[in-house]
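Residue-level structure breakdown
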Amino acid sequence: VQLVESGGGSVQAGASLRLSCAASGRTFSNYAVGWFRQAPGKEREFVAAISRSGGVTTYADFLKGRFTISRDNAKNTVYLQMNSLKPEDTAVYYCAASPRPYNDIVVRTYDYDRWGQGTQVTVSS
């Protein structure tokens, strides 16, 4: 499966963005998907993940409920709704996919073997 992110941009603090991760291939529903981000000079960090079914999700603690991950397997797409954006959310956001059992999710970068190219999100104060 190949992944392409979109929806990034430059916004003011407090604004919202919705990122999309579009996958090619007919087996997308076999993959758990995660969102990660990487700010300049920092390591890539976990943001959110969703199971194949969409029924199980998990989030990084620092998000405090501001982001929501969801998926539409009929459209081969995973979304990341980001609300109340802060300047510290500025980063390149990547989606990644990992073939997993039905309700399994993973949060470590090395658990994912397929990555998109990333989309830039810039939040100004």
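Anyway, here's the lowdown on the structure attached to this text. These numbers were taken from a predicted model, which means no experiment stands behind them.

Criteria and thresholds
- Residues numbered from 1 in each chain as written.
- Predicted model: local features only at pLDDT ≥ 70, side-chain atom pairs only at ≥ 80, totals over all residues.
- Heavy atoms only, no water.
- Pairing = 2+ DSSP bridges.
- Helix = DSSP H or I, 4+ residues; strand = E, 2+ residues; numbered from the N terminus.
- Axes fitted to C-alpha atoms, helices over the stretch in contact; angles between N-to-C directions.
- Phe/Tyr/Trp six-rings, centres within 6.5 Å; stacked < 30°, edge-to-face > 60°.
- Buried < 20%, exposed > 50% of the residue type's maximum accessible area, 1.4 Å probe, protein only.
- Lys NZ or Arg CZ within 6 Å of the ring centre and 35° of its normal.
- Core = buried A, V, L, I, M, F, W, Y, C linked by side-chain atoms within 4.5 Å.
- Contact = heavy atoms within 4.5 Å.
- Disulfide = S-S within 2.5 Å.

1. Digging into the sheet that holds strand 8 (residues 77-82)
If you trace the 4 strands from one edge of the open sheet to the other, you get 1-3-8-7, paired in antiparallel fashion. The open sheet is flanked by strand 1 (3-6) and strand 7 (67-72), the only strands paired with a single partner. Neighbour-to-neighbour, the strand axes of the sheet open up by a mean angle of 15°, direction not taken into account. For strand 3 (residues 17-23) and strand 8, the ladder comprises 6 bridges, and the chain directions are antiparallel. Paired with Ala22 across the strands is Thr77, a residue of strand 8.

2. Description of the packing of aromatic side chains
The full count for this structure, using the stated rule, is 5 aromatic pairs. Ring geometry for Tyr94 versus Trp115: centroids 6.5 Å apart, planes at 75°, classification edge-to-face. Placement of Tyr94 in strand 9 (residues 91-99) and of Trp115 in strand 10 (residues 114-115) is noted, with a sequence separation of 21 residues between them. On the basis of relative accessible area, Tyr94 is assigned to the buried category, the value being 13%. Here the aromatic rings of Tyr112 and Trp115 are separated by 6.2 Å at their centres, their planes lie at 65°, and the arrangement is edge-to-face. Look at Trp115 and you get partly exposed, because its relative accessible area is 27%. An aromatic cluster is defined as three or more aromatic residues linked by ring pairs; in this entry it consists of Phe36, Phe46, Tyr94, Tyr112 and Trp115. The residue whose ring lies beneath Arg44 is Trp115, and the NZ or CZ to ring-centre distance is 4.9 Å. Above the plane of the ring of Phe28 lies Arg71, whose end atom (NZ or CZ) is 4.6 Å from the centre.

3. What about unusual backbone geometry?
When glycine is set aside, most residues are seen to have a negative phi, and most peptide bonds are trans. For Lys64, which is not glycine, the phi dihedral falls at a positive 55°. Its location among the elements puts Lys64 in the loop between strand 6 (57-59) and strand 7. Residue class for Lys64 comes out exposed when judged on its relative accessible area of 74%.

4. Considering the nonpolar core
If you look at the biggest cluster of nonpolar residues, it comprises 35 residues, and the most contacted ones within it are Trp35, Val47, Phe67, Val78, Leu80, Met82 and Tyr93. Of all the elements in the fold, those that place two or more residues in this core are strand 3, strand 4 (31-38), strand 5 (45-50), strand 7, strand 8, strand 9 and strand 11 (119-124). Aside from chain neighbours lying at most four places away, what touches Val47 is Trp35, Phe36, Arg37, Thr58, Tyr59, Ala60, Leu63, Phe67, Leu80 and Tyr93.

5. Digging into the state of the cysteines
For the structure shown, the criterion picks out 1 disulfide. Bridging Cys21 to Cys95, the disulfide has an S-S length of 2.1 Å. Disulfide Cys21 to Cys95: torsion about the S-S bond roughly 70°, handedness right-handed. Of this pair, Cys21 sits in strand 3 while Cys95 is found in strand 9, placing the two residues 74 residues apart along the sequence. Under the relative-accessibility criterion, Cys95 is labelled buried at 0%.

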